[in-house]
Amino acid sequence: MRTIYSPDQLLHAPRTEFHRGELVPGFECPQRAENVLTAVRAAGLAIEAPASFDDEQHLLRVHQPEFIEFLRTAHDQWLALGRDGDALPATWPVRGARPDRIPVELDGKLGFFSCDMATPITAGTWRTTRAAADTATSGAQLLCTGVEKTVFALCRPPGHHASRNVYGGYCYLNNAAIATQYLGDHGASRIAILDVDYHHGNGTQQIFYDRSDVLFASIHADPATDYPYFLGHDDETGIGEGTGCNVNFPLPRGTGWQSYSEALDAACQRIEDFAPDTLVLSLGVDTSENDPISAFRLNTEDYRGLGQRIARLDLPTLIVLEGGYALDDIGAHVVAVLGAFSGPG
Ligand code: Q9C
Ligand code: ZN
């Protein structure tokens, strides 16, 4: 198994995020990527840089052009207004607002394209999120050319909360969705996405909600109690041609391995029934008992079990890093999952 990683993914370094009524140091920090990288290296996996993509076609297959242009230029516009630090929104569209009228002024755009105040746009955000999307896409390339059966895309920032034109939840471009679309455009015909991050992958769900060629399965904290709050319920099953191709397993706070593994078995069964030719695993390790912003109770041994169950699907698999904020544990937890897939390609 190879790991794809770009050091450009360290450039995005939010000063603070808005958390429980205060500006606190960002949980989604460069050290996360460094710690995962250190653990992956210690485990003896090969690490390589992503390919460079001449244009943004792979991004545009998933995201709205105006959204990409906004992400690329927002911080420069923020500075041009004489402001300091990181760009944050403060006003959001009312329910039922027009999706076809993009505000001209920056504060309007920040609200139009975002869903929370935990996701600052910094001087390094564009280069970092672009590098993360390229990292995931490079992993997809290795998979669909048959070079590797399993690839780990060490992505930062994460991506699964980002939809076609909304960033939030520490996510800007949806790395897993961009890689999934790339796989579909280059030979894969049925793709399953399994999202095991603590938080529901609302962006990924929305991007593929009407698609019959992509199954989205997610195990996460119940949105009644946890971010992203407004999607992730078990009666969200897809729409139109995509009806039946979306499945959510919301679980209560405090969930440990016993009930988690039952949901994982059910999700894997759904994936087997869908009969995909390729799997994309959105791997968040914020389900850890030590995670500072989450409330599940998985430990290192449980992550080994999680990897083993998913590896038993025996599919070409792209593993894309999502969340995980317990700095001392994320490396060990990611490697515990990857270990189940290691071995000859
Ligand atoms: N701090 C991922 O794990 N929390 N994102 C906002 C106030 C946002 C987590 C609530 C959590 C986002 C990829
Ligand atoms: Zn998460």
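Described below are features of the structure shown in this document. Within every chain, residues take consecutive numbers counted from 1 along the sequence as written. Chain letters start at A and ligand numbers start at 1, both assigned in the order the entries are written. In keeping with the predicted nature of the model, local features appear solely for residues at pLDDT of at least 70, side-chain atom pairs appear and are counted solely at 80 or more, and the whole-chain, interface and lining totals rest on all residues. Each side-chain value is worked out from all heavy atoms of the structure, with water and hydrogens disregarded.

Considering the pattern of salt bridges
Spelled out, the test is: Salt bridge, as applied in this entry: a Lys or Arg side-chain nitrogen positioned within 4 Å of an Asp or Glu carboxyl oxygen. Working definition: helices are DSSP H or I runs of at least four residues, strands are E runs of at least two. Numbering for both runs from the N terminus. A 1.4 Å probe rolled over the protein chains alone gives each residue an accessible area, and that area as a share of the maximum for its type sets the label: buried under 20%, exposed over 50%, partly exposed in between.
Throughout the structure, instances matching the rule amount to 19 salt bridges. Ionic pairing is found between Asp8 and Arg127, a salt bridge with its closest N-O pair at 3.5 Å. One end of the pair, Asp8, is in the loop between strand E1 (2–4) and strand E2 (16–19); the other, Arg127, is in helix H5 (residues 125–144), with 119 residues separating them in the sequence. You can call Asp8 partly exposed: its relative accessible area is 30%.

Section: the layout of surface pockets
Under the convention used in this document: Method remark: on a 1 Å grid restricted to protein atoms, a set of points is classed as a cavity if a 1.4 Å probe fits but cannot get out and as a pocket if it is open with protein on both sides within 12 Å along at least five of seven lines; lining residues have an atom within 4 Å of a point. Grid points are joined across faces, edges and corners, and a volume is the space filled by probe spheres set on the points. Amino acid classes used here: Ala, Val, Leu, Ile, Met, Phe, Trp, Tyr, Cys and Pro are nonpolar; Asp, Glu, Lys and Arg are charged; the rest, including Gly, are polar.
Taken as a whole, the largest pocket spans an internal volume of roughly 1400 Å³. Taken together, 46 residues line the largest pocket, and the ones lying closest to its centre are Cys115, Asp116, Tyr227, Pro228 and Phe230. Every element with two or more residues in the lining of the largest pocket is listed here: E2, helix H4 (106–112) and helix H7 (202–207). Looking at the lining of the largest pocket, its residues break down into 22 nonpolar, 14 polar and ten charged.

Quick notes on the pairing of strand E3 (residues 22–25)
Convention followed: Strands are treated as partners if at least two bridges between them are detected by DSSP.
Note that E2 and E3 share four bridges and pair antiparallel. Bridged to Thr16 within E3 is Pro25. The turn linking E2 back onto E3 is made up of two residues, and Arg20 within it adopts a positive phi angle of 50 degrees.

Remarks on the pairing of strand E10 (residues 317–321)
Under the convention used in this document: Orient the strands so they point away from the viewer, and a crossover whose first-strand-to-second-strand path over the helix runs clockwise is right-handed.
In terms of residue burial, E10 counts as a mostly covered element, since five of its five residues are buried. Here four bridges tie strand E5 (residues 150–153) to E10, and the two strands are oriented parallel to one another. Across the sheet, the residue bridging to Phe152 is Ile319, located in E10. Crossover connection from strand E9 (residues 278–283) via helix H9 (residues 300–311) to parallel E10: handedness right-handed.

Observations regarding the site of ligand 1
What counts is decided by this rule: Throughout, near means a residue has at least one heavy atom within 4 Å of the molecule or strand. Distance and chemistry together define a polar contact, namely a pair of N or O atoms within 3.5 Å, with one atom able to donate a hydrogen and the other to accept it when in protein, and with adjacent residues in sequence counting only for side-chain atoms on both sides. For the area figures, the Shrake-Rupley method with a 1.4 Å probe applies, and any residue is considered shielded solely by the protein chains shown. For a cavity or pocket, the test is whether more than half of a molecule's atoms lie within 2 Å of its grid points; if they do, the molecule sits there.
The environment of ligand 1 is made up of 16 residues, and the closest members are His19, Gly169, His199, Asp286 and Tyr325. A distance of 3.4 Å separates a nitrogen atom of ligand 1 from a polar atom in the side chain of Glu17. A distance of 2.6 Å separates an oxygen atom of ligand 1 from a polar atom in the side chain of Tyr325. Relative to its unbound accessible area of 400 Å², ligand 1 is 88% covered by the protein chains. One can see that ligand 1 is located within the largest pocket. A breakdown of the residues in the shell around ligand 1 according to their chemical character gives seven nonpolar, six polar and three charged.

Concerning the side chain of Thr255
The cut-off we apply is this: The contact definition used throughout considers only heavy atoms, calling two residues in contact when any of these lie within 4.5 Å.
Following the sequence through the fold, Thr255 ends up in the loop between strand E8 (246–251) and helix H8 (257–274). Note on Thr255: relative accessible area 4%, which makes it buried. Here Pro252 takes part through its backbone oxygen, which lies 2.6 Å from a polar atom of the side chain of Thr255. Setting aside chain neighbours within four positions, we find Thr255 in contact with Tyr260, Ala295, Phe296 and Arg297.

A closer look at the coordination of the zinc ion (ligand 2)
Four donors placed tetrahedrally about a metal ideally form angles of 109.5 degrees, and six donors placed octahedrally ideally form angles of 90 or 180 degrees. Keep this limit in mind: Only N, O and S atoms count as donors, using a 2.8 Å limit from the metal and a wider 3.2 Å limit for Na, K and Ca, and since water is excluded some coordination spheres may look unfilled.
Surrounding the zinc ion (ligand 2) are the protein donor atoms Asp197 (OD), Asp197 (OD), His199 (ND1) and Asp286 (OD), at 1.9 to 2.8 Å. A relative accessible area of 7% means that His199 is categorised as buried.

Considering the packing of aromatic side chains
Rules: Here the aromatic set is Phe, Tyr and Trp, taking the six-membered ring for Trp, and pairing holds for ring centres within 6.5 Å; pairs whose planes are under 30 degrees apart are stacked, those over 60 apart are edge-to-face, and all others are tilted.
One pass over the full model with this rule turns up eleven aromatic pairs. When the ring of Tyr167 is compared with that of Tyr172, the centres are 5.7 Å apart and the planes differ by 15 degrees; the resulting orientation is stacked. Overall, the relative accessible area of 0% leaves Tyr167 in the buried class. Note on Tyr172: relative accessible area 1%, which makes it buried. A network of ring pairs unites the aromatic residues Phe67, Phe70, Phe112, Phe113, Tyr167 and Tyr172 as a single cluster.

Brief notes about the environment of Ile121
Within the secondary structure, Ile121 is located in the loop between H4 and H5. Considered as a pair, Ile121 and Ile4 are 117 residues apart in the sequence and their alpha carbons are 24 Å apart. Look past the residues within four positions of Ile121 in its chain and what remains in contact with it is Phe70, Leu71, Ala74, His75, Asp86, Ala87, Leu110, Tyr167 and Tyr172.

Quick look at the nonpolar core
Note the cut-off: Only buried Ala, Val, Leu, Ile, Met, Phe, Trp, Tyr and Cys residues count toward a nonpolar core, and they belong to the same one when joined by side-chain atoms within 4.5 Å.
Grouped together as the largest cluster of nonpolar side chains are 48 residues, with contacts concentrated most on Phe152, Leu194, Tyr260 and Ile310. In terms of residues, this core owes the most to one element, H8, which gives seven residues. Core analysis: the second largest hydrophobic core is formed by 44 residues, Ala133, Leu142, Ile178 and Ile207 among them.

A short note on the environment of Asp226
Inspection of the secondary structure assignment puts Asp226 in the loop between strand E7 (214–221) and E8. Sequence separation between Asp226 and Cys29 is 197 residues, and the spatial gap between their C-alpha atoms is 21 Å. Once residues within four sequence positions are removed from consideration, Asp226 is found in contact with Tyr198, Ala221 and Arg253. Among the polar contacts made by the side chain of Asp226, one reaches the side chain of Tyr198 at a distance of 2.9 Å.

Interpretation in functional terms is not warranted from these geometric data alone.
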